[in-house]
Every structure is written in C-alpha cells, then in structure tokens.
Amino acid sequence: ALSRKIERFSSTSDAKFLEHLSKSNYVFGIQGDIGEIVNRDLLRYFPNGIINFHPGDLPAYRGCDAPEWQILEGRSVICTAHLLDEGIDTGPVIQKKKLTLDSQSYHQLRASLYPAVAEYVAELCAELLKQEKIVAHPQGSGIYRRRMSPENLEKVRHLVEPN
C-alpha cells in the first residue's frame, strides 16, 4: 500500500530531510520545483532516480518559459518527464505528453498548465510503479531558453488572444 503521509522540509540539504530519506525506501522521487539544482548526494536515496516534469519539449526547450517559447515558435506545449541529473533539464527522457490547455486567454492557458501537468504526473507515476526499473534515454544536445523578454511575451499573448 502507498503511504499518504506528507512531509515538509526547509530544503534538500535539511538534516531532517536527509535523515528521513535514509530511513525511507522510495522507488523514485518527484521533483516539485525545489528551486535548486539537485546534488548527486540526494540522487543516491532514489534507486530509480528523481523525475522532473518539465513543461517543455526537451531538449529543444530547456530552462525558463518553455510553454511560451513553444507557443511563440508555433508548436504544441509538450511536457517532458525526465530523470534529474546535475544539469538544468538535461537528464535522460522517460516520456513526453502533449498537454491540452485552456487557450481562451494567456492567463487561462497558464492557469491550466499546472492541473494538466499534475494529471500527467499521476498517470505516469501509476505506470512507473508497476515497472521494476524506469527506462529513460539520453537527450543529446539542446537549447537552453532564458526568461522571455516582455516583447516576446506580448507576442505570445497575441498568439493566444488573437482578438
């Protein structure tokens, strides 16, 4: 049976967090935008790795504002499930999914992003828990996207809200 207890810690280097991990027997972890690069020491607590759900089609949309960059370039918004490594959005890819988003407005699109990713997290984790090992494939070279300029963000808003 799956444990439903939620634990909260101040950071991934918190001594209580590391003690908790050493006593636990997790199959894999899920990164929840911890705001820091995961160090190799943390990865050892998860035999199948730590999964990140990045709202960009990796490796072409690494980094910031991935949904907006995909829209600006006329692409669908893809969420990539990948294993964390020491880079930014560079770990091996497990699977990708095209997200269905509410495009009535830019704000609706952004607001619908997180529930769509959460559904994907639940779907993929249910699949992965049935497997003995997570299969992932290296990405190869990619493009790191910086924060989008106000001018490009305005272009995205016009693409989403053409009227």
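The preceding data block contains the structure.
Before going into details, it helps to say that this report is about the structure given with it.

Reading guide: rules and limits
- Residues numbered from 1 in each chain as written.
- Predicted model: local features only at pLDDT ≥ 70, side-chain atom pairs only at ≥ 80, totals over all residues.
- Heavy atoms only, no water.
- Helix = DSSP H or I, 4+ residues; strand = E, 2+ residues; numbered from the N terminus.
- Contact = heavy atoms within 4.5 Å.
- Buried < 20%, exposed > 50% of the residue type's maximum accessible area, 1.4 Å probe, protein only.
- Arc of directions from axis to C-beta.
- Pairing = 2+ DSSP bridges.
- Axes fitted to C-alpha atoms, helices over the stretch in contact; angles between N-to-C directions.
- Salt bridge = Lys/Arg side-chain N within 4 Å of Asp/Glu carboxyl O.

### Description of unusual backbone geometry
Consideration 1: Residue Pro59 follows Leu58 across a cis peptide bond; omega there is 10°.
Consideration 2: Relative to the assigned elements, Pro59 resides in the loop between β2 (50-54) and β3 (62-63).
Consideration 3: Positioned with a positive phi, Asp65 is a non-glycine residue whose angle comes to about 50°.
Consideration 4: Along the polypeptide, Asp65 turns up in the loop between β3 and α3 (66-72).
Consideration 5: Phi at Asp89 is positive, roughly 60°, even though this residue is not glycine.
Consideration 6: Position of Asp89 relative to the elements: it lies in the loop between β4 (78-83) and β5 (93-98).

### Brief notes about the side chain of Asn52
Consideration 1: Note on placement: Asn52 falls in strand β2.
Consideration 2: Dropping the residues within four chain positions of it, Asn52 is found in contact with Gln31, Thr80, Ala81, His82, Leu84 and Asp89.

### What to know about the environment of Leu58
Consideration 1: Along the chain, Leu58 turns up in the loop between β2 and β3.
Consideration 2: Sequence spacing of Leu58 and Tyr144 is 86 residues, and the spatial spacing of their C-alpha atoms is 9.6 Å.
Consideration 3: If near-sequence neighbours (up to four positions away) are discounted, Leu58 is found in contact with Thr80, His82, Asp89, Lys96 and Gln139.

### Quick look at helix α1 (residues 15-23)
Consideration 1: Among the residues of α1, Phe17, His20 and Leu21 are the ones counted as buried. Angularly, the buried residues of α1 cover 100° about the axis, an arc narrow enough to put them on a single face. Residues of α1 that are exposed and point over 90 degrees away from its buried face: Ala15, Lys16 and Lys23.

### Focus: helix α5 (residues 150-160)
Consideration 1: Where α5 is concerned, the buried positions are Asn152, Val156 and Val160. Down the axis of α5, the sector holding all buried residues measures 85°, keeping them to one side. Exposed side of α5, more than 90 degrees from the buried face: Pro150, Glu151 and His158 are the residues found there.
Consideration 2: Taken together, the buried residues of α5 touch α3 and α4 (106-129).

### Thoughts on the sheet that holds strand β1 (residues 29-30)
Consideration 1: Overall, mixed pairing links the four strands, which are arranged β1-β2-β4-β5 in an open sheet. Sheet topology places β1 and β5 at the edges, where each strand pairs with a single neighbour.
Consideration 2: Set on the sheet, α4 makes contact with β1, β2, β4 and β5; between it and β5 the angle comes to about 140°.

### Some points on the pattern of salt bridges
Consideration 1: Going through the model one piece at a time under the given rule, you end up with six salt bridges.
Consideration 2: Taking the shortest distance from any N to any O, the salt bridge between Lys23 and Glu19 comes out at 2.9 Å. Highlighted residues: Lys23 and Glu19, both in helix α1, separated by four residues, approximately one helical turn.
Consideration 3: Glu19 gets classed as partly exposed once you look at its relative accessible area, which sits at 42%.
Consideration 4: Between Glu68 and Arg110 there is a salt bridge whose closest N-O contact spans 2.9 Å. Of this pair, Glu68 sits in helix α3 while Arg110 sits in helix α4, placing them 42 residues apart in sequence.

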